[in-house]
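Chains, contacts and geometry: an overview
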Amino acid sequence: VKGAKTGRQVESYQTQAFTLARERFAMETALRRAIDDRQLRLAFQPICDLATGAIVSFEALARWRDPQGVEHQPSDFIPVAEESGLIVPLGRWAMDEAARTLRWWDEECGGNCGMRVAVNLSAIQLQRDDITPVVEAALIRHALSGDRFVLELTESAIVTDPDRIAGIMHGLKALGTTLAMDDFGTGYSNLAYLQKLPIDILKIDRSFVSGMLADRDKIAIVRAVLSLAQALGMRTTAEGVESNELAQTLAALGCTFGQGYLYARPLEASDALRMIVAARTASSAS
Ligand code: C2E
Ligand code: MG
Ligand code: MG
Ligand code: MG
């Protein structure tokens with residue numbers, strides 16, 4: 001009886017693993033089609049100067065609504081894209097789409113709209129694609145200068161092959177782009193890279209920021225990251241800024257930028273443009 005029970009359990013684990021693999025494969029197939037059929041779009045979330053509240057840039061975030069109308073979350077489909085290698089065409093699309101949108105905003109504003117756009121680069125994309133020419137091609141195609149872009153990398157990109165990544169980062173800097181370290185504090189890399197690599201901005205992960213007002217440990221980590229960044233001459237962006245009190249505290253601690261639901265959720269490109277136009281009108285009136 002005991003043996004039979006174990007046998008059934010093994011079978012059910014195998015069935016579960018099989019179901020999971022099949023779901024992944026189904027998503028991979030659907031995602032491949034989504035990239036070809038242009039089911040993907042970018043949402044744009046403002047990043048603000050914490051001291052003044054002025055919008056300085058927008059982070060481009062991938063969105064996928066399938067033909068059945070289901071909205072898939074990046075936390076579900078980005079890992080599938082990374083495992084399957086689809087992150088390479090997805091990432092190329094995101095870079096080009098971000099540049100196309102920024103160009104559109106510029107035209108609507110009758111010149112430079114004054115915003116930068118931040119694009120996420122996956123570690124897998126940096127491993128498998130020749131990223132510098134991809135970025136350069138998007139800049140040329142949409143007649144934009146490199147200083148209009150922030151490229152967000154994660155610590156996992158650095159861990160795999162630090163020397164190669166250093167070369168790539170210098171190449172991206174040579175295009176005029178700003179480099180940000182995303183989700184800082186959640187990776188496993190050694191800190192020596194901070195001093196060696198051309199990083200301009202540290203983005204402090206939301207897991208430390210949200211709830212820090214009620215948690216001594218979190219606020220201690222945020223303070224430590226801010227002083228590290230200041231010592232190394234880097235600017236900082238706090239993710240997950242959801243309240244005014246949090247924004248004020250972060251500004252008082254010397255954090256440069258904030259991103260979060262306090263300012264806005266990720267927006268459709270046309271709504272982001274409305275926000276840019278409204279901010280420009282307000283500042284030219286004063
Ligand atoms: P991320 O780069 O750290 O982006 C910030 C995430 O935090 C976004 O989630 C954003 O919607 C969310 N967020 C912003 N403010 C708040 C807040 O105040 N509260 C809360 N609870 N959440 C907030 P999203 O859009 O679901 O994206 C998740 C992750 O997927 C991104 O994290 C990024 O790692 C990845 N991702 C999204 N688009 C792309 C892409 O085009 N390429 C690559 N490689 N990764 C992408
Ligand atoms: Mg990001
Ligand atoms: Mg982030
Ligand atoms: Mg994050």
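Above this note sits the structure.
The shown structure was predicted, so the numbers you read here are calculated from the model rather than taken from an experiment.

Focus on the coordination of the magnesium ion (ligand 2)
- Distances from the magnesium ion (ligand 2) to its protein donors, Glu59 (OE), Asn120 (OD1), Glu152 (OE) and Asp182 (OD), fall within 2.0 to 2.2 Å.
- Spacing between the donor residues of the magnesium ion (ligand 2) along the chain follows E-x60-N-x31-E-x29-D.
- For the pair the magnesium ion (ligand 2) and the magnesium ion (ligand 3), the metal-to-metal distance amounts to 3.6 Å, and Asp182 bridges them. Placement of Glu59 in strand β2 (residues 55–65) and of Asp182 in strand β6 (residues 178–184) is noted, with a sequence separation of 123 residues between them.

Some thoughts on the coordination of the magnesium ion (ligand 3)
- Within the protein, the atoms that donate to the magnesium ion (ligand 3) are Asp182 (OD), Asp183 (OD) and Glu239 (OE), at distances of 1.8 to 2.6 Å.
- All donors to the magnesium ion (ligand 3) come from one chain, and their sequence spacing reads D-D-x55-E.

Structural notes on the environment of Ala81
- Note on placement: Ala81 falls in helix α2 (residues 74–84).
- For Ala81 and Glu28, which are 53 residues apart along the polypeptide, the C-alpha to C-alpha distance reads 7.1 Å.
- Every residue in contact with Ala81, bar those within four places of it in the chain, is listed here: Leu31, Leu86, Ile87 and Leu90.

Focus: the pairing of strand β8 (residues 235–238)
- One ladder, built from four bridges, connects strand β7 (residues 201–204) with β8; its direction is parallel. Residue Ile201 lies in a different strand from β8, and its bridge partner there is Arg235.
- In this sheet, strand β9 (residues 257–259) lies alongside β8 in parallel orientation, the contact comprising two bridges. Each bridged residue has a counterpart across the sheet, and for Thr237 the counterpart in β9 is Phe257.
- For the crossover from β8 across helix α11 (residues 244–252) to β9, the handedness is right-handed.

Reading the values: rules and limits
Within every chain, residues take consecutive numbers counted from 1 along the sequence as written. Numbering of ligands from 1 and lettering of chains from A proceed in the order in which they are written. Selection of residues for local features in this predicted model requires a pLDDT of at least 70, selection of side-chain atom pairs for listing and counting requires 80 or more, and totals for whole chains, interfaces and linings are taken over all residues. Calculation of side-chain values draws on the structure's entire complement of heavy atoms; hydrogens and water are dropped beforehand. Water is absent from the atoms considered, so a metal site may look incomplete; donors are defined as N, O and S atoms within 2.8 Å of the metal, or 3.2 Å for Na, K and Ca. Secondary structure follows DSSP: runs of H or I at least 4 residues long count as helices, runs of E at least 2 residues long count as strands, and numbering of each begins at the N terminus. In this analysis, two residues are considered to be in contact whenever any of their non-hydrogen atoms come within 4.5 Å of each other. DSSP-based pairing: two strands are paired if at least 2 bridges between them are found. With its strands directed away from the observer, a crossover is right-handed exactly when the path from the first strand over the helix to the second travels clockwise.

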